[in-house]
Every structure is written in C-alpha cells, then in structure tokens.
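Residue-level structure breakdown
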Amino acid sequence: MASMLYGHIPQVIGIVGAGQMGSGIAQICATKGLDVLINDRSQELLDRSMQTIRKSLQRLTQKGTITKESADEALGRICTETSLDVSSLCTCRTAAPRLQIFECNPVLTQG
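What you see is a predicted model; the values in this text were computed from it and never measured.

If you tally the helices and strands in the chain, you get six helices and three strands. A separation threshold of at least 6 residues defines the contact pool for the chain, and within that pool the share at least 24 residues apart is 52%. Accessible area for the chain stands at about 7,100 Å²; split by element, carbon and sulfur atoms hold 54% of it.

Moving on, we get to the pattern of salt bridges. Overall, the coordinates contain three salt bridges when judged by the stated rule. The salt bridge partner of E44 is R48, with a shortest N-O separation of 3.5 Å. A residue pair is termed a helical-turn pair when its members lie 3 or 4 positions apart in one helix, as E44 and R48 do in helix α3 (residues 43-63) at four residues. For E44, a relative accessible area of 55% corresponds to the exposed category. A salt bridge links E73 to R77; the nearest nitrogen and oxygen atoms lie 3.6 Å apart. Residue class for E73 comes out partly exposed when judged on its relative accessible area of 44%.

Residue position: A74 is located in helix α4 (residues 68-76). Sequence separation between A74 and C29 is 45 residues; the distance between their C-alpha atoms is 8.4 Å. Excluding residues that lie within four positions of it along the chain, A74 makes contacts with A30, T31 and L57.

Rules behind the numbers
- Residue numbers here run from 1 along each chain, matching the order of that chain's written sequence.
- Per-residue local features are limited, in this predicted model, to residues with pLDDT of at least 70; the limit for side-chain atom pairs, both in listing and counting, is 80 or more; totals at the level of whole chains, interfaces and linings are taken over all residues.
- The side-chain figures draw on all heavy atoms in the structure; neither hydrogens nor water molecules are used.
- Under the scheme used here, helices are H or I runs from DSSP no shorter than 4 residues and strands are E runs no shorter than 2 residues, and both carry numbers assigned from the N terminus.
- The contact definition used throughout considers only heavy atoms, calling two residues in contact when any of these lie within 4.5 Å.
- The protein chains shown are the only cover counted for residues, whose accessible areas, like all others here, come from Shrake-Rupley with a 1.4 Å probe.
- Should a side-chain nitrogen of Lys or Arg be within 4 Å of a carboxyl oxygen of Asp or Glu, the pair is scored as a salt bridge.
- Using a 1.4 Å probe on the protein chains alone, a residue whose accessible area is under 20% of its type maximum counts as buried, one over 50% counts as exposed, and one in between counts as partly exposed.

Right under this line is the structure:
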C-alpha cells in the first residue's frame, strides 16, 4: 500500500515507543529486510525492547521458523536512540535511506 501512495517502499522505519507494540513492529520490519530505528525516552526501555526482540527471534529459531543467520541479520538492522533528532536516522546504515525519506516527506526537511 505504501508503494502505491508514495511510489516507493521505505528503507528505514522509525518507531517511537519501545513497548510491546513497538518491539513487535520493529522485529517484523527487521526480519523483512528493513532498517529500523526505535526511539524511546530512556536507554533502559530500549534495552528491554531489544531483549524482548532477541528472545522472540531465539524462539523462532528454535522452532525452525527462521534461521540463526536471519535472526542475526534482523538484529543487526535494528538501531536504538533516545533522542528524537531526525538526523539520527543516518546512524542505522548510510545517509542514502535518510535522503530518500527527506525527498519523499517534505515535513521532515523543514526545520
């Protein structure tokens, strides 16, 4: 649906809130190959979110739903940040996905 609306599929997904829903969304996006940036107000909440994601991926690996390599790759795609600074999007991978987001969303470019 996003590709129909904007003509592209996003490369970086930003999630505000590292609770149960945010962690689940982050895990699904990362396992599907998207880079994810999770934002919350404290590092403790972000650490808890990453632990939840690790446990979930470990269970999926034990069941044989995904491979260990896929789980490791998914974890590598997730970044955490306590600042809500849009420029932190470039810390996940490279500046290229960030620039694509800026080009597609003029609200983010106004500052």
